[in-house]
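# Observations on chain architecture
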Amino acid sequence: MRLRRCGPDAVLVEVGSLAEVAAVRAVLAGLPGLVDLVPAARTVLASFEPGSPGLRQVRDVLARADLSAPPAVVAAEVTLPVVYEGPDLDLVAQTAGLTVDEVVALHSGAVYTVAFCGFAPGFAYLTGLPEPLQQSRLDTPRTRVPTGSVGVAGEFTGIYPRSSPGGWRLVARLADHADALFDPAREPAALLSPGDRVRFEAAT
Amino acid sequence: MTRALTVLATGPLALVEDLGRPGHAHLGVPPSGALDVPSLRLANRLVGNPEYAAGIECVLGGLVLRAGASCTVAVTGPSVVVRVDGHGVDSHTPVHLAADAVLELGVPLTGLRSYLAVSGGIAVPPQLGSRSTDVLSGIGPAPLAAGDALPVGDPVGPPVGADAVPPPSPGDFLTVPVVLGPRDDWFADAGARLAGTVWSVSPESNRVGLRLLGDPLRRAAGFDGRELTSEGVLTGAVQVPASGRPVIFLADHPTTGGYPVVGVVPGRHLAELGQARPGTRVRLRAQYSDS
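Because the structure is predicted, anything quoted here is derived from the model rather than measured.

## Observations concerning the interface of chain B and chain A
- Between chain B and chain A, the residue contacts involve 33 residues of the former and 35 residues of the latter.
- Interface area, chain B with chain A, both sides summed: about 2,400 Å², of which 61% is carbon and sulfur.
- Counting the contacts that link chain B with chain A gives two salt bridges.
- Between E14 of chain A and R183 of chain B there is a salt bridge, with its nearest N and O atoms 3.0 Å apart.

Now the structure itself:
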């Protein structure tokens, strides 16, 4: 683990795995004066109100913590109805050496965890993707991925909260009756938050 | 007689901004909010609002508003001509508008952004706790356009009687400190190279970031072509993309980034950057991290 300075009021904690990221996030949550706690693939950025004591406590709190047994956090459980009709479903099945039905069974059978969010408001990077579905990005990213598309890339699966360019292999789309991933007028605005447990349910 | 301001015209860009929505970065939501925070706070104090009330951030003037009802407004930021029904009034002081009065904002001689506060504040519905327009993610109200009617809240306090607030005059040469890190080790001689270059603000700068032109920073030995896994970034972060030309992230910046951040400009210096016109020369004075 390494602490890297980020201006006068923040620190970037660099660790070796997603599991340690989750642990660091749990350990730092609740420090006094904390403004933002942003997990990513190998880092957690913690920023504080100027002059608050929290920043000075980061090193000690992490030194005392056992990152292999992080504090238990109550995780929300979210089930997302999706239609497995993604334009890359055949490509993903071929690459995995599976049938399309087997891909659907694998993707909808797993329990995922929101490792972190980013890229766009409400975009959650979900871990727990079965190994055969862990595939590279498209050689040529799409200039426009429709809202609600469900994709896989590397060790992650995720849902595009709004239309944007993107290179993930698309296996499904959010069902029409599903709640929007992100709606700034709703409370809470984002359906998924770091630490949440997520399942996909095949809908038609 | 409704408490509203009707937009008759705007200049290049006029947005509703307050102090933003920090605390949502873990959801991918930028902090947003006024770029020149001290100016918005001052405008709010002048009209008797809490400092966090929403006002209008206006790039290079051109804003024309009609008051739907009697209200008090104040314009801050760089020194600028303000007219009410064609008569010149002062900036940086409370100004009373009668119902149907028309306020026109001129173009500031220096700097970029003027702030207008109205007694009661702009009362558009908040999103994630803020009324700010975020140009990156589209959260908050759309940029102002002629014909918009902006609801105004009820005044909570009397305007202050400050007799003279000297308007700032942003210069064409800025020196701002940069605390090195978290990824200064990715660059060859980062501190000296940052400080040794006189950077120029690119016309492609916006609320997402101030793009700097100048001699590109070079990667340190062993970091050439290396890719960074995306990580959280702060407002004020000096990110160095593949071109080697730094971008200083402003309020509407993405919450994570995949290019290394060589240093961070402390928050109290961001207002000057928000007032930097294209062509402004910038020197970045490196401070070495103490941890």
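## Thoughts on the nonpolar core
Residues and elements named next belong to chain B.
- If you look at the biggest cluster of nonpolar residues, it comprises 32 residues, and the most contacted ones within it are L273 and L284.
- For this core, the secondary-structure elements that each account for two or more residues are β12 (173-180), α2 (190-196), β13 (199-201), β14 (209-213), α3 (270-274) and β20 (281-287).
- No other element matches the four residues that β12 contributes to this core.
- Taken together, domain 1 (4-151) and domain 2 (173-287) each give at least three residues to this core, which thus spans both.
- Among all residues touching L273, those that are not within four sequence positions of it are L174, V176, L210, I248, L250 and V265.

## Looking at the side chain of S202 of chain B
Residue and element names in this part refer to chain B.
- The topology assignment puts S202 in the loop between β13 and β14.
- Separated by 2.9 Å, the side chain of S202 and the backbone nitrogen of E204 make a polar contact.
- Excluding residues within four positions of it along the chain, S202 makes contact with R211, L213 and P278.

## A short note on empty space enclosed by the protein
- Per the stated rule, a full pass over the model turns up one cavity of 30 Å³ or more.
- Counted as a void, the largest cavity has a volume near 40 Å³.
- Per-class residue counts for the lining of the largest cavity are eight nonpolar, one polar and no charged.

## Topic: the pattern of salt bridges
- Under the criterion given, the structure shown has 13 salt bridges over all chains.
- We note a salt bridge from D185 of chain B to R4 of chain A, for which the minimum N-O separation is 3.2 Å. Note that D185 of chain B is positioned in the loop between β12 and α2 and R4 of chain A in strand β1 (residues 2-5), a pairing that runs across two chains.
- Classification of R4 of chain A as buried rests on a relative accessible area of 8%.
- If you follow the salt bridges from partner to partner, you end up with R4 and E14 of chain A together with R183, D185 and E231 of chain B in one network.

Parameters and conventions
Residues numbered from 1 in each chain as written. Chains lettered and ligands numbered in written order. Predicted model: local features only at pLDDT ≥ 70, side-chain atom pairs only at ≥ 80, totals over all residues. Heavy atoms only, no water. Contact = heavy atoms within 4.5 Å. Buried area = accessible area lost by both parts, 1.4 Å probe. Salt bridge = Lys/Arg side-chain N within 4 Å of Asp/Glu carboxyl O. Core = buried A, V, L, I, M, F, W, Y, C linked by side-chain atoms within 4.5 Å. Buried < 20%, exposed > 50% of the residue type's maximum accessible area, 1.4 Å probe, protein only. Helix = DSSP H or I, 4+ residues; strand = E, 2+ residues; numbered from the N terminus. Domains from an automatic or database assignment. Polar contact = N/O pair within 3.5 Å; in protein donor to acceptor, adjacent residues only side chain to side chain. 1 Å grid on protein atoms, 1.4 Å probe; cavity = no way out; pocket = protein on both sides within 12 Å on 5 of 7 lines; lining within 4 Å. Points joined across faces, edges and corners; volume = space filled by probe spheres on them. Nonpolar A, V, L, I, M, F, W, Y, C, P; charged D, E, K, R; others polar.

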